Amino acid sequence: KYFTIPQIMPYRICKTFEIENAHMLSKHPDLCKYPHGHSRKLEIVLESETLDENDMVCDFKILKEAMSEFLHTLDHALCMNTEDRKYDDFKNTFGERIIGFNKKDPTTEVIAETIFNVANTKLNEYSVNLASKYPLRKCVKLLSVRLWETSSSWAEFSPKNFH
């Protein structure tokens, strides 16, 4: 046989979001050091070795509910390195629409890692909420976050290797 089915095959689902987001990369030697925006696509991938009683990894609405508030903070916001010499001026002028990244340039890789960490926290909080309309089982794991910068460029953060 050329193909064998593993005994346990994990299921994966992906929820996609779209946000308008800008950043400036202080350490960049070229034009990216100036404020510029992106129409970003975000993919959040969850996995499980089993399906729930509804034959799903989980309901897609869970990701929407868990992430919408945080993603709203990134939408139409400018991400900046807190060590950028203009950071304080921008923060004072634009307030909450300036997202500071502590001593790091907010590259797409860094933003993807940040989104992963927030998603992991939010999903853990969601899973213990017994009053939720859409239960999230503890066996469901966040696998990766992929953040598109352009239609041809993305960065992905996943703390574990793909199978």
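What comes next concerns the included structure. Please read all numbers here as calculations on a predicted model, not as lab measurements. (Residues numbered from 1 in each chain as written. Predicted model: local features only at pLDDT ≥ 70, side-chain atom pairs only at ≥ 80, totals over all residues. Heavy atoms only, no water.)

## Digging into the nonpolar core
Nonpolar side chains tend to gather and get buried jointly when the protein is soluble and globular.
And then number 1: Membership of the largest hydrophobic core comes to 34 residues, with the highest contact counts inside it found for Leu42, Ile44, Leu46, Met67, Leu74, Ile115 and Leu123.
And then number 2: Taken together, the elements giving at least two residues each to this core come down to β1 (11-23), β2 (36-48), α1 (60-74), β3 (77-81), β4 (98-101), α3 (108-127) and β5 (141-150).
And then number 3: A per-element tally of this core places α3 first, with nine residues.
And then number 4: The contacts of Ile115, once residues within four sequence positions are left out, are Leu42, Met67, Phe70, Leu74, Val145 and Leu147.
And then number 5: Grouped together as the second largest cluster of nonpolar side chains are six residues, Ala22, Met24, Leu78 and Ile98 included. (Core = buried A, V, L, I, M, F, W, Y, C linked by side-chain atoms within 4.5 Å. Buried < 20%, exposed > 50% of the residue type's maximum accessible area, 1.4 Å probe, protein only. Helix = DSSP H or I, 4+ residues; strand = E, 2+ residues; numbered from the N terminus. Contact = heavy atoms within 4.5 Å.)

## Observations concerning α1
And then number 1: Look at α1: 21 Å from first C-alpha to last across 15 residues, which is about the 21 Å you get at 1.5 Å a residue.
And then number 2: Taken together, the buried positions of α1 are occupied by Ile62, Leu63, Ala66, Met67, Phe70, Leu71 and Leu74.
And then number 3: If you follow the buried residues of α1, they end up packed against β1, β2, β3, β4 and α3.
And then number 4: Near the N-terminus of α1, the side chain that reaches the backbone nitrogen of Lys61, with its oxygen 2.9 Å away, is that of Asp59.
And then number 5: Downstream of α1 by one or two residues, His76 has phi in the positive range, about 55°. (Expected span 1.5 Å × (residues − 1). Polar contact = N/O pair within 3.5 Å; in protein donor to acceptor, adjacent residues only side chain to side chain.)

## Quick notes on the sheet that holds β2
And then number 1: Taken together, six strands build an open sheet; the order of strands is β4-β3-β1-β2-β5-β6 and the sheet is mixed. At either margin of the open sheet sits one strand with a lone partner, and together these are β4 and β6 (153-157). The average undirected angle you get between the axes of adjacent strands in this sheet is 35°.
And then number 2: Note: β2 against β5, seven bridges, orientation antiparallel. Residue Glu47 lies in a different strand from β5, and its bridge partner there is Lys141.
And then number 3: In this fold helix α2 (residues 87-94) packs onto β3 and β4, with an angle of close to 145° to the strand it touches most, β4. (Pairing = 2+ DSSP bridges. Axes fitted to C-alpha atoms, helices over the stretch in contact; angles between N-to-C directions.)

## Notes on the state of the cysteines
And then number 1: The final tally for this structure, using the stated rule, is zero disulfides.
And then number 2: Among the cysteines around Cys58, which has no disulfide bond, Cys139 carries the closest sulfur, lying 9.7 Å off.
And then number 3: Residue Cys58 is classed as buried on the basis of its relative accessible area, which comes to 2%.
And then number 4: With relative accessibility at 36%, the residue Cys139 sits in the partly exposed group. (Disulfide = S-S within 2.5 Å.)

## What about the packing of α1 against α3?
Helix packing for two helices is described by the angle between their axes and how far apart those axes are.
And then number 1: Direction vectors running N to C along α1 and α3 enclose 140°, while the axes themselves pass 10 Å from each other. Regarding the angle of α1 to α3, the classification is oblique. Between α1 and α3 lies a crossing whose hand is right-handed. Here Ile62, Leu63, Glu65, Ala66, Met67, Phe70 and Leu74 of α1 come into contact with α3, specifically with Thr114, Ile115, Val118, Ala119, Lys122, Leu123 and Tyr126.
And then number 2: Grouping the constituent residues of the contact of α1 with α3 by class yields 11 nonpolar, one polar and two charged. (Parallel < 35°, antiparallel > 145°, perpendicular 65-115°, else oblique. Left-handed = near helix turned anticlockwise from the far one by under 90°. Nonpolar A, V, L, I, M, F, W, Y, C, P; charged D, E, K, R; others polar.)

## Here we look at unusual backbone geometry
And then number 1: You will see that His76, though not glycine, has its phi angle at about 55°, which is positive.
And then number 2: The topology assignment puts His76 in the loop between α1 and β3.
And then number 3: By relative accessible area, which is 57% here, His76 ends up exposed.
And then number 4: You will see that Lys103, though not glycine, has its phi angle at about 60°, which is positive.

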